[in-house]
Amino acid sequence: MRLADCGRTLATAALALAVPLAAAAQEKPAAVRPDLKRGQEIATSICVACHGADGNSAISTNPKLSGQDAAYLLKQLNDYAKPASDKSARVNSIMTGILGGISATDRLHVTAYYASQPHKPGAARNRDTLELGQRIYRVGIPERAVPACSGCHSPNGSGIPAQYPRLAGQHADYTVAQLKSFHDGTRRNNVPMAQIASRLTEAEMNAVADYAAGLR
């Protein structure tokens, strides 16, 4: 065989091999479908002590997970699983330790399960700060470039799926703790919230968190 013919043969063979390989590279792996039964098993065996079997935590410093958007919850778990050196990580030693025993697939299942559970409403408890909390939530603080919370978390506090969490009925103590964490830089997985919280006083955080807890 002449050298030129040999070269053409090799090129043809390479092209024939490259086409199926390229097609295979473009194929996406089959998406894992959430298994609510498996999610419930994880929730009732691992998460129940802090978040309740149905996601309606009875502990005011631990968040209610019921009715939250599954994609939002999954992002939070994935952020907890990141190394602390990652600037987008959400750092919590308890959650990091727990996630060490939960696979990425099981995170999908448990977040879908909690998202499917009915959300139990909460209530505002401080009548004296209700007006201030309402004003911050509905209007913001324009002179300090604090936007209205309702713009991202919706007027009724149900949130915007996958991006912003439900605040309606959430424990005020937990919401305040998160605002403070954003304020002091210990929670870093949402830059806009860190900027907003940095412009709020502690009294304003308490007021808006209490107001949001009573939203329906």
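J.: How should I be thinking about the overall build of the chain in this particular structure?
T.: From N to C terminus, the chain includes ten helices and zero strands. The buried share of the chain, reckoned over its 216 residues, is 36%. For the chain, contacts bridging at least 24 residues in sequence account for 67% of all contacts bridging at least 6. On the chain, roughly 12300 Å² of surface is accessible, and the fraction owed to carbon and sulfur atoms is 59%.

J.: Explain helix α2 (residues 36–51) here, please?
T.: One turn of an α-helix holds 3.6 residues; hence residues three or four places apart share an orientation. With 16 residues, α2 extends just 17 Å between its outermost C-alpha atoms, more than 12% less than the 22 Å of an ideal straight helix rising 1.5 Å per residue. Considering bend angle alone, the principal kink of α2 is centred on Ser45 and spans about 55°. All of the buried residues along α2 are Gly39, Ile42, Ala43, Cys47 and His51. Looking at the packing, one finds that the buried side of α2 touches α5 (104–115). One side-chain oxygen at the N-terminal end of α2 lies 3.1 Å from the backbone nitrogen of Lys37; it belongs to Asp35. Downstream of α2 by a residue or two, Gly52 has a phi angle that is positive, lying close to 80°.

J.: Teacher, can you tell me more about the layout of surface pockets here?
T.: To find leftover empty space, one rolls a probe the size of a water molecule over the atoms. Its volume calculated, the second largest pocket comes out at about 300 Å³. Along the wall of the second largest pocket there are 18 residues; nearest its centre are Arg125, His171, Ala172, Asp173 and Asp210. By residue number, the principal contributor to the lining of the second largest pocket is helix α10 (residues 202–213), which donates five residues. Looking at side-chain class alone, the lining of the second largest pocket contains six nonpolar, eight polar and four charged residues.

J.: Whenever I open this one, helix α8 (residues 172–184) confuses me. Can you help?
T.: Here α8 spans 18 Å end to end across 13 residues, near enough to the 18 Å set by a 1.5 Å rise per residue. Every buried residue belonging to α8 is among Ala172, Tyr174, Thr175, Val176, Gln178, Leu179, Ser181 and Phe182, and all of these are buried. Contacts made by the buried residues of α8 are with α9 (191–197) and α10. Immediately beyond the C-terminal end of α8, within one or two residues, lies Gly185, with a positive phi of roughly 85°.

J.: Is there a simple way to explain the packing of helix α3 (residues 70–81) against α5 in this structure?
T.: Each pair of packed helices can be summarised by the angle the axes make with each other and by the distance between the axes. Axis separation between α3 and α5 bottoms out at 8 Å; the angle between their running directions is 140°. Relative to α5, the element α3 is oriented oblique. Seen from above, α3 lies across α5 with right-handed handedness. Between α3 and α5, the residues in contact are Ala70, Leu73, Leu74, Leu77, Asn78 and Ala81 and Arg107, Leu108, Val110, Thr111, Ala112, Tyr114 and Ala115, respectively. Each residue belonging to the contact of α3 with α5 can be placed in one class, and the counts come to ten nonpolar, two polar and one charged.

J.: Sorry, what's going on with the nonpolar core here?
T.: If you look at soluble globular proteins, the nonpolar side chains tend to sit buried side by side. Ranked by internal contacts, the top residues of the largest apolar core, which has 17 residues, are Tyr137 and Leu215. For this core, the secondary-structure elements that each account for two or more residues are α6 (130–138), α8, α9 and α10. Element by element, the count of residues in this core is highest for α10, at four residues. Leu215 has contacts with Tyr137, Arg138, Pro155, Asn156, Gly157, Ala168 and Gly169, leaving out every residue within four places of it along the chain. Of all hydrophobic cores here, the second largest spans 14 residues; its members include Tyr72, Tyr80, Ile102 and Tyr113.

Definitions and cut-offs
Residues numbered from 1 in each chain as written. Predicted model: local features only at pLDDT ≥ 70, side-chain atom pairs only at ≥ 80, totals over all residues. Heavy atoms only, no water. Helix = DSSP H or I, 4+ residues; strand = E, 2+ residues; numbered from the N terminus. Buried < 20%, exposed > 50% of the residue type's maximum accessible area, 1.4 Å probe, protein only. Contact = heavy atoms within 4.5 Å. Areas by Shrake-Rupley, 256 points an atom, 1.4 Å probe, with all protein chains shown as cover. Expected span 1.5 Å × (residues − 1). Bend = angle between axes of the 7 residues up to and from the residue. Polar contact = N/O pair within 3.5 Å; in protein donor to acceptor, adjacent residues only side chain to side chain. 1 Å grid on protein atoms, 1.4 Å probe; cavity = no way out; pocket = protein on both sides within 12 Å on 5 of 7 lines; lining within 4 Å. Points joined across faces, edges and corners; volume = space filled by probe spheres on them. Nonpolar A, V, L, I, M, F, W, Y, C, P; charged D, E, K, R; others polar. Axes fitted to C-alpha atoms, helices over the stretch in contact; angles between N-to-C directions. Parallel < 35°, antiparallel > 145°, perpendicular 65-115°, else oblique. Left-handed = near helix turned anticlockwise from the far one by under 90°. Core = buried A, V, L, I, M, F, W, Y, C linked by side-chain atoms within 4.5 Å.

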